[in-house]
Amino acid sequence: MNRKLLAALTFAVLALFLLSLLTGVADVGPIRSLKALFWGGEGPLDIVMREIRLPRAILAVMVGGSLGLAGAAMQGLLRNPLAEPGVIGISAAAALGAVLALQTGLAATVPLALPGAALLGALLGVGAILFLAGAGGGTLALILAGIALSALASALTALVLNLSPNPFAAHDIVFWMMGSLADTSFTQVAVAAPVMALGWLLLARSAHGLEALTLGEEAAASMGVNLRRLRLAITLGTAAAVGAATAVAGTVGFVGLVVPHVLRPLVGANPARLLPASALGGALLVLAADIAVRKVLPGQDLKLGVLMALVGAPVFFHLIWRMRGAA
Amino acid sequence: MWASVRSSSLAFMLAAGLAASVPAWAEPAPARVVSINLCTDQLAMLLAAPGQLRSVTMLARDPSVSVLAELAQGYKVNHGKAEEIYLDRPDLVLAGRYTAQTTVNMLRDLGIRVEIFEPAQSFADLRADILQMGQVLGRDRAAAEIVAAFDTRLAQLQAKQPEGPRPVAATWSARGYMSGSQSLAAEIISTAGYDHLAERLGRKGGSFLPLEALVLADPDLVIEGHSRAGHARSEEVLAHPALHVLTGRKAAVQTPDWVCGLPAVLDAVEGLRTGQEGAQ
């Protein structure tokens, strides 16, 4: 069952990756486009395929995968389906870190300063959430801490951008709060990849610890899981994955909420199996959203957050509905 | 007065004709003038009598948008807010058509005379703006001289049009903004000897052109927006590798000469001409 699910998700990701490559303002046939991609030279269409559409599709997979994975891991650690990087303000904290690195000029002078600063922002965010809501804290504490962190980080981001001497900086507020992959290039792929890879590695290695944790902390400890190390790995892994994703694509919310929510029943609520499925599901969702923003408003930069909220809000309603049923 | 008018251009005649219909001699020239728009700042600095211009905007001192940034250091600066301007007791405020409307309305409610200038979309508008500034400041003769010098230099540039088929150029700046075919930038481009991409795409007004569409249109020259201090993601698109593959090393940059309708637009024309000669 699990293998079939992963195979189906992989196939869907590949299909949407291809569709993403074929989506754009230029109305060019699929065969000509793919020819230009693989065997192109320096012609206009070759440049479009190789330098504009290919990195955008790759980034959609990387960003979606990171957010799906981080959401599933955070939810496993806090044993709460609402623990999602966007919802609880970790993405907003990462965006603040990224904006600070860009506005101080650090990002332009120090290699990897941009994803590094976003990672640091996200790390402070995860730390604040764990401190305020804790592993034992209830849903209410988690949501309150998330709202506070989101509000604070977003306000500071807006403040920094308004203080910038660049007249276009204030317009960037929309990007940092709603996220977009428009006009990304291999530069951003290279910026995000190393930090994301670190995050994926840390989160993938936490799978078995998370599986044991479903039985409770004491049971997990008795099974030989080092809880402190597990917490540290997931904190750092989430910060790296979310930080790098946010640094290049802005805040793309709800991915880590929707994807594990949909996939959890299909993997028997097993975190070890949920992690890879969520990574693929996240990639699938962001690819689909990034195709949709280009279909809905071709040539304009409709933000990913608009579509994500449209998909994410019903999941929230469903969670509330289930809670009322439980009560 | 009419004798000097006849010797000048048609545009000047029209504007002066308007001036003649207003009894300009009935009131003395304004003595405390404040400008609250970057373009009127520079027009006023070009034309005002010593001591006549009280203050200009902060932007006038910014060399990334103002051609008279150095000259502006000699003036007080304002931030375009009604309160500070009113406290300066001006007898004339100079504003652009799109300067904050609430500020303009408030100043008028307070009984201050506000003159509105249209943003120049062509060299004809540019002449009209200079003459209008000359008229409201009581400096008609200085304005006519500037317009005459502009026309002489423009005629010299037009006489030296490069031979052969006209290459295609496009302006492209933050968020993919391209100036339209009916704009000051378009007239600079065509005077320099290029066809404007906006003309070929049928875009009269300024519009946003996605990077993909720009690359596929494959213009011969991309004139990039002047990047400002600080960082903005909206400007990152100007550093996109696809743009560099497309342009090679032939990209030009929009200097402050492109921003306002001033005689300096001819410097922009010459800049494009020399850039073009260098590329060939």
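Residues numbered from 1 in each chain as written. Chains lettered and ligands numbered in written order. Predicted model: local features only at pLDDT ≥ 70, side-chain atom pairs only at ≥ 80, totals over all residues. Heavy atoms only, no water.

As annotated in an unreviewed UniProt entry, chain B carries the name Iron complex transport system substrate-binding protein and comes from Rhodobacter aestuarii.

In the nomenclature of an unreviewed UniProt entry, chain A is known as Iron complex transport system permease protein of Rhodobacter aestuarii. Quoted verbatim from the Subcellular location (unreviewed entry) field of the UniProt record, the comment on chain A reads "Cell membrane". (UniProt positions renumbered as here; feature names shortened; annotations may be inferred.)

1. Some words on the pattern of salt bridges
Taken as a whole and judged by the stated rule, the model has 16 salt bridges over all chains. Of the charged contacts in the structure, one is a salt bridge between Arg53(A) and Glu212(B), with a shortest N-O distance of 2.7 Å. Linking Arg53(A) in helix α3 (residues 44–78) with Glu212(B) in helix α11 (residues 211–217), this pair reaches from one chain into another. In this structure, Arg53(A) and Glu212(B) share a single accessibility class: buried. For the salt bridge of Arg97(B) with Glu118(B), the shortest nitrogen-to-oxygen distance reads 2.6 Å. Here Arg97(B), found in the loop between β4 (92–96) and α6 (101–109), pairs with Glu118(B), found in the loop between β5 (114–117) and α7 (123–136); they are 21 residues apart in sequence, far enough to count as distant. Residue Arg97(B) is classed as partly exposed on the basis of its relative accessible area of 36%. (Salt bridge = Lys/Arg side-chain N within 4 Å of Asp/Glu carboxyl O. Helix = DSSP H or I, 4+ residues; strand = E, 2+ residues; numbered from the N terminus. Buried < 20%, exposed > 50% of the residue type's maximum accessible area, 1.4 Å probe, protein only.)

2. Quick look at the domain arrangement of chain B
Many analyses report the size of an interface as the accessible area lost when the parts associate. All names here are of chain B. With domains assigned, chain B is organised as domain 1 (2–155) and domain 2 (168–279). Opposite the 20 residues of domain 1 that make contact, domain 2 presents 20 residues. Between domain 1 and domain 2, roughly 1,700 Å² of surface is buried when both sides are summed, and carbon and sulfur atoms account for 72% of that area. For the domain 1 face of the interface with domain 2, the top three residues by lost area are Val-67, Phe-123 and Arg-153, together amounting to 34%. Between domain 1 and domain 2 we count two salt bridges in total. (Domains from an automatic or database assignment. Contact = heavy atoms within 4.5 Å. Buried area = accessible area lost by both parts, 1.4 Å probe.)

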